[in-house]
Amino acid sequence: MALESLSKALSGALSKVSRSSVVDRDVIKEVVKDIQRALLMADVNVQLVLDVTKTIEKRALEEKVPPGVSRKEHIIRIVYEEITKFLGETSEKVNLKSSGTSVLLMVGIQGSGKTTTTGKLARYFQKKGFKVGIVCTDTWRPGAYYQLKQYVEPVNIDVWGDPDEESATRLAREGVTHFKEKKYDIVIVDTAGRHKDETGLIEEMREIADAVHPDETVLVIDGTIGQQAQHQAKAFKQATELGSIIITKLDGSAKGGGALSAVAATGAPIKFIGEGERIENIEKFSPEQFVAKLLGFGDLKTLLDKVKDASKEQEFSQKDAQKMLSGKFTLKDMYQQLEMLSNMGPMQQIFQMIPGMGANLPSEFVEASEENLAKYKVIMNSMTERELKDPKVIHFSRVKRIARGSGTSQEDVKGLLNQYDAMKKMMKQMGKRKMGKMGMPGMFKNMKF
Ligand SMILES: Nc1nc2c(ncn2[C@@H]2O[C@H](COP(=O)(O)OP(=O)(O)OP(=O)(O)O)[C@@H](O)[C@H]2O)c(=O)[nH]1
Ligand SMILES: [Mg+2]
């Protein structure tokens, strides 16, 4: 995993809490010192380190331990919460259009990992069922076009480019037009990294952006530069409203924690991280999951915490849950469920954490990517209130109309309805099983399942 050394140091600090028979002031102070050292080693800004550890210490010493939780658990939770906070808390989605072709523009200084990340991102979206094309506008680096082609060829992703063309802007415009005409879902435009500093970077970004009107501009930052990443992120954030950041090379970099926290501090959203040279080495960045892994719990406990937080936002009553488990489950309910789950990260992972569930999930459910959610929203907006409550009434002619009204295809509408059927069936089954033996009734009570 990313940031191995930081992870080891932090989980080492926390294991002191677990090992001590009493968790008193001395133990807390010692643990806080260890955390401080670990964060500083990872090149996290000194002031940030002082602030976060001060908060941890204060909370650990002063807060009353809630009933049903041990003092150790309480402290571990505080550390988890505070470190998550300083990494930005929420995970954000890529800005994709609900219909038509979305354009992503990749920028970043030389060698930051743009080309590699372009391929990884294309693969990521391809796996989610999107048709993705790549445009190579790098007219500077010899072989740039072939580098990209070679990288994505094994996974059958198309690359538009022309090694003999000299104008990057022309390539960008022509490439995007080409993929739009072919009705691709996403086009990712890779750019040259010839600029040495932020100013050069921003200039080129503006030029190409004027030509292709990206839905999102993505800054790729090399994570090995540690907290210096902040300058790039700041300049970028000021220059674009549609910007997100991907931090690369977090595998084996001792300074990755510094890069992540410095960028998070600017408020620019980090959406993915790169953890290796291979095309699959990309991960959606979710501070909560990331910190859970960093501290060494990728398990049910994390899930339960998340579920608790998520249900705070969308209060579900016991009555709702009973209603759904008895089979009264509307399209709106489904949408809410999917939205909530997508806030917690990839569903397959979530479900794998629940004992006994991962294996027999209907594939329609697992495939419910957040990108699909945007589409579902538009489709559902074209339905009547009655249809939303009882999708059984939707017949073929309505499917056609709804597709037309929402600018989607009949397959899309049917896809939504199929997924609804699958989930409804599952709800019913779960209602029968009640999930009691898994020790999860609390979760499902809160979650409307
Ligand atoms: N270990 C590791 N290496 C990476 C990662 N991402 C990119 N690299 C490597 O970093 C080097 C530069 O990556 P490129 O993708 O070519 O960078 P670029 O920004 O396109 O470079 P220019 O086009 O020259 O500006 C390559 O050797 C990549 O294999 C990562 O997440 N981890
Ligand atoms: Mg490149």
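Residues numbered from 1 in each chain as written. Chains lettered and ligands numbered in written order. Predicted model: local features only at pLDDT ≥ 70, side-chain atom pairs only at ≥ 80, totals over all residues. Heavy atoms only, no water.

Looking at the overall build of the protein
Quick reminder of the rule: Numbered from the N terminus, helices here are DSSP runs of H or I no shorter than four residues, and strands are runs of E no shorter than two. Residue exposure (1.4 Å probe, protein chains only): buried if accessible area is under 20% of the type maximum, exposed if over 50%, otherwise partly exposed. Should any heavy atoms of two residues lie within 4.5 Å, those residues are counted as being in contact. Here, Shrake-Rupley sampling with a 1.4 Å probe gives the accessible areas, and only protein chains in the shown set may cover a residue.
The helix and strand tally for the protein stands at 21 helices and eight strands. Taking all 449 residues of the protein together, the buried fraction comes to 51%. Restricting to contacts in the protein with at least 6 residues of sequence separation, those with at least 24 account for 73%. Of the roughly 21,300 Å² of accessible surface on the protein, 49% is carried by carbon and sulfur atoms.

Describing the site of ligand 1
To keep things clear, this is the line we draw: Working definition: residue near molecule or strand if any one of its non-hydrogen atoms lies within 4 Å of it. Under this definition, polar contacts are N or O atom pairs within 3.5 Å; protein pairs additionally need one hydrogen-donor-capable and one acceptor-capable atom, and for neighbouring residues in sequence, both atoms have to be side-chain atoms. Polarity classes work like this: nonpolar for Ala, Val, Leu, Ile, Met, Phe, Trp, Tyr, Cys and Pro, charged for Asp, Glu, Lys and Arg, and polar for all others, with Gly in that last group.
By nearness alone, 18 residues border ligand 1, and K114, T115, T116, D251 and E277 come closest of all. In the environment of ligand 1, an oxygen atom lies 2.4 Å from a nitrogen or oxygen atom belonging to the side chain of T116. In the model, an oxygen atom of ligand 1 is placed 3.3 Å from a nitrogen or oxygen of the K120 side chain. Its free accessible area being 650 Å², ligand 1 has 83% of it covered by the protein chains. Per-element tally for the shell around ligand 1: the top contributor is helix α5 (residues 114-127), with four residues. Looking at the shell around ligand 1, its residues break down into no nonpolar, 10 polar and eight charged.

Some points on the pairing of strand β7 (residues 270-274)
Our working rule: Pairing between strands requires that DSSP locate at least two bridges from one strand to the other. By convention, a crossover is right-handed whenever its connection, traced from the first strand over the helix to the second and viewed with the strands pointing away, goes clockwise.
Most of β7 sits out of view: five of its five residues are buried. The pairing of strand β6 (residues 243-248) with β7 spans three bridges and is parallel. Residue pairing for β7: I247 is matched across the bridge by I273. The parallel pair β6 and β7 is bridged by helix α10 (residues 256-266), and the resulting crossover is right-handed. Relative to strand β8 (residues 282-284), β7 runs antiparallel, the two being bridged by three bridges. Each residue of the ladder has a partner; that of G274, found in β8, is I282.

Regarding unusual backbone geometry
Non-glycine residue D43 carries a positive phi angle of around 70 degrees. Residue placement: D43 occurs in the loop between α2 (25-41) and α3 (46-62). Here D43 falls in the buried class, since its relative accessible area comes to 18%. Here the phi dihedral of K249 falls at roughly 60 degrees; this positive angle occurs in a residue that is not glycine. Within the secondary structure, K249 is located in the loop between β6 and α10. For K249, a relative accessible area of 32% gives the class partly exposed.

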